[in-house]
Amino acid sequence: MGDRPGRRSLGRPFGWLWASYAVSAFGTRLAFDAFPLVAILVLHAGTTEVAVLAATGLAVGAVAAIPLGPWVEFRRKRPVMVAMDLVRCAALLSVPAAFAVGLLGFAQLLVVSVVVAAADITFGAASGAYLKSLVRPEDLLVANGRFESTTWTATMLGPPLGGAAIGLFGPVTTVVADAVSYLLSAAGIRAIGGTEPHPVRSGAAPRMRAGDVFDGWRFILGHAALRPLFLNAVLVNGLIMAVTPLMAVLMLGPLGFAPWQYALAFAVPCAGGLAGSRLSRRLVARFGQRRVLLTSGVLRVCWPVGLAFVGHGAGGLVLVMGVEFGLITCSAVFNPVLATQRLELTPQDRVARTLTAWSVSSKASIAAITALWGLLAAVTGVRAAIALAGLLMLATPLLLPLRDRATRVSGGVPAPHGERAAGQGENMAR
């Protein structure tokens, strides 16, 4: 996906990276909920098994990825990205292969979901570090905005097309498509070409130590500007994702919406993601990065509490669409600005560890909060649980950095909190 005439060009290497991201994003969204569907349609799994499958991939995959952050930090990033694409492709292809010979089992789905989740985190850490070295600092927001726009386009188009493909060709069709998308992504990354210098480990220790696995968290929690952004993002993402299965239970159960209506309610608002991601750079240019980050961070959490009031019929469907449109639009403004500031505030030799810690924490919190909210809904009722999540989200802007704590950088490397406190000058990929 190259830069078209009239668009700001970020160069041929970024074009290949963006194309690779686009093809894998569409493959992933085409295969949205593919494993639960395979478990239900092929293995006749029950509700508990499907819930275990969903939670295990996130939680165990996140834990498995923890030591990979420091390992990625001091490796060339493109070979790591290609390797993670090939690992995901091979793992996913094992599912249709086992299905074809009648050997597919629930344990295999669990293992594959864990492998794919860990490879996702590792790829994200490597790609974030590579992006920072690939484009100029002033182009980071443009690059992240294009990734965000691609994400929402894939989210809007992928699941409906994937559902149609499963209906026409069978339950493992989208798994094959997802696997092929990773193969094409690996080819695109290889096509970037050029040379990438081998990162050099600074400090006295020439090899990775056990304590290095926590470096990402130490850096984030010790950084006055990153820490509140991290805590805000982890909590908001966990609460948003915890509401999703509850909305499915409410809309497809007591409210009697058809599956296609439920899918429509969450697909159409993704157009707001396209609008928000295109607006983010213009808003930053006009109002400044910090003001846009804070304003969109506040506005994105004002919407979800409205989901507790959804009713029957067309009115209920319109309400869900309106709430989701507002949430997605504001999130699509916030996300690329957050990703850009996170890269800006992280030194080049800490990016992989920082992004790994951030992603592991986000996935683990989503798994934990989703499980907790499932138990809460069983006690209080679905609407009450949705309302509580919405009310808690209204308090999350208090975690945003309300004071200006952006760092001034000496030599292009931002100082962590402890170093600034000792007298250093003050000055954030997906």
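Look a little higher up for the structure.
We now turn to the structure provided with this report. Within every chain, residues take consecutive numbers counted from 1 along the sequence as written. Local features in this predicted model are restricted to residues of pLDDT 70 or higher, and side-chain atom pairs are both shown and tallied only at a pLDDT of 80 or more, whereas totals for entire chains, interfaces and linings draw on every residue. Processing note: side-chain calculations cover all non-hydrogen atoms of the structure and skip hydrogens and water entirely.

## Let's talk about the overall build of the protein chain
What counts as a helix is a DSSP run of H or I of at least four residues, what counts as a strand is a run of E of at least two, and both are numbered from the N terminus. A tally of helices and strands in the protein chain yields 17 helices and zero strands. Accessible surface computed for the protein chain: about 18900 Å², of which carbon and sulfur atoms make up 68%. Throughout, the Shrake-Rupley method with a 1.4 Å probe supplies accessible areas, and for residues the shown protein chains are the sole cover considered.

## A few points about empty space enclosed by the protein
Grid points spaced at 1 Å and placed over the protein atoms alone form the basis of the search, with a cavity being a set where a 1.4 Å probe fits but cannot get out and a pocket an open set showing protein on both sides within 12 Å along at least five of seven lines. Lining residues have an atom within 4 Å of a point. Grid points are joined across faces, edges and corners, and a volume is the space filled by probe spheres set on the points. Considered as a void within the structure, the largest cavity measures approximately 30 Å³ in volume. Lining the largest cavity are Ile66, Gly69, Pro70, Asp212, Val213, Gly216, Trp217, Arg353, Thr356 and Ala357. Every element with two or more residues in the lining of the largest cavity is listed here: helix H4 (68-73), helix H9 (215-221) and helix H15 (351-380). Here the term charged refers only to Asp, Glu, Lys and Arg, the term nonpolar to Ala, Val, Leu, Ile, Met, Phe, Trp, Tyr, Cys and Pro, and the term polar to all other amino acids, Gly among them. Here the lining of the largest cavity is built from residues that sort into five nonpolar, three polar and two charged.

## Describing a nonpolar patch on the surface
The residues that make up patches have over 30% relative accessible area and no salt bridge, and they are joined within 9 Å when like-charged or within 5 Å when they are Val, Leu, Ile, Met, Phe, Trp or Tyr. Think of a salt bridge as a Lys or Arg side-chain nitrogen and an Asp or Glu carboxyl oxygen that are within 4 Å of each other. On the surface, Leu93, Val176, Val180 and Leu184 cluster together to form a nonpolar patch covering roughly 290 Å² of accessible area. When residues of the nonpolar patch are assigned to their parent elements, the largest contribution, three residues, is made by helix H8 (residues 173-190). Turning to its location among the elements, Val180 is positioned in helix H8.

## Notes on the packing of aromatic side chains
Stacked, tilted and edge-to-face are the three classes assigned to paired rings of Phe, Tyr and Trp, where Trp is represented by its six-membered ring and a pair needs centres within 6.5 Å; plane angles under 30 degrees give stacked, over 60 edge-to-face, the rest tilted. The full count for this structure, using the stated rule, is six aromatic pairs. Ring centres of Phe214 and Trp217 lie 6.5 Å apart, and the angle between their planes is 50°; this geometry places the pair in the tilted category. These aromatic residues form a ring-pair network of at least three members: Phe14, Trp18, Tyr21 and Phe147. In our convention, an over-ring charge means Lys NZ or Arg CZ found within 6 Å of a ring centre and within 35 degrees of that ring's normal. Here Arg88 stacks its cationic end above the ring of Phe123, 4.7 Å away from the centre of that ring. For the cation-ring pair, Arg300 lies above Phe334, with the distance from its terminal atom to the ring centre recorded as 3.9 Å.

## With respect to the packing of helix H12 (residues 271-287) against helix H14 (residues 313-344)
Relative to each other, H12 and H14 sit at 40°, their axes nearing to 7 Å. Put simply, H12 runs oblique to H14. Crossing hand, H12 versus H14: right-handed. Counting all contacts with H12, which are made through Ala271, Gly272, Gly273, Gly276, Ser277, Ser280, Leu283 and Val284, the residues of H14 involved are Phe325, Ile328, Thr329, Ala332, Val333, Pro336 and Val337. Partitioning the contact of H12 with H14 into residue classes produces nine nonpolar, six polar and no charged. Convention adopted: a line fitted to C-alpha atoms gives each axis, helices being fitted over their contacting stretch, and angles between N-to-C directions are expressed from 0 to 180 degrees. We call two directions roughly parallel when the angle between them is under 35 degrees, roughly antiparallel when it is over 145, roughly perpendicular when it lies between 65 and 115, and oblique otherwise. By convention, the crossing between two helices is left-handed when the near helix turns anticlockwise from the far helix through less than a right angle, and right-handed when the turn is clockwise. Note on definitions: a residue-residue contact is assigned when non-hydrogen atoms from the two residues lie within 4.5 Å.

## Remarks on the nonpolar core
Buried Ala, Val, Leu, Ile, Met, Phe, Trp, Tyr and Cys residues that are joined via side-chain atoms within 4.5 Å together make up what is termed a nonpolar core. The cut-offs for exposure are 20% and 50% of the maximum accessible area for each residue type, with area from a 1.4 Å probe on protein chains only; residues under the lower value are buried, those over the upper are exposed, and the others partly exposed. Ranked by size, the top nonpolar core spans 28 residues in total, and within it Phe14, Leu17, Met81, Leu131, Phe147 and Ile189 carry the most contacts. Only helix H1 (12-30), helix H5 (77-100), helix H6 (106-134), helix H7 (140-169), H8 and H15 provide two or more residues apiece to this core. Ranked by residues supplied to this core, first place goes to H6 with seven residues. Residues contacting Phe14, with those up to four places away along its chain left out, are Leu131, Leu134, Val135, Ala143, Arg146 and Phe147.

## Concerning the pattern of salt bridges
Two side chains that carry opposite charge are able to pair once their charged atoms sit near each other. A full pass over the atoms with the stated rule returns seven salt bridges. With its nearest N and O atoms 2.4 Å apart, the salt bridge here joins Asp215 to Arg218. Remark: Arg218 and Asp215 occur in helix H9; sequence separation between them is three residues, near one turn of the helix. When its relative accessible area of 48% is taken as the criterion, Arg218 is described as partly exposed. Each of Glu73, Asp215, Arg218 and Arg353 takes part in salt bridges that share partners, so that together they form one network.

## Here we look at the packing of H12 against helix H13 (residues 289-299)
Relative to each other, H12 and H13 sit at 125°, their axes nearing to 7 Å. One element, H12, and the other, H13, form an angle in the oblique class. Residues Leu283, Val284 and Phe287 of H12 form the contact with H13, whose participating residues are Gln289, Arg291 and Val292. Considering only residue class, the contact of H12 with H13 consists of four nonpolar, one polar and one charged.

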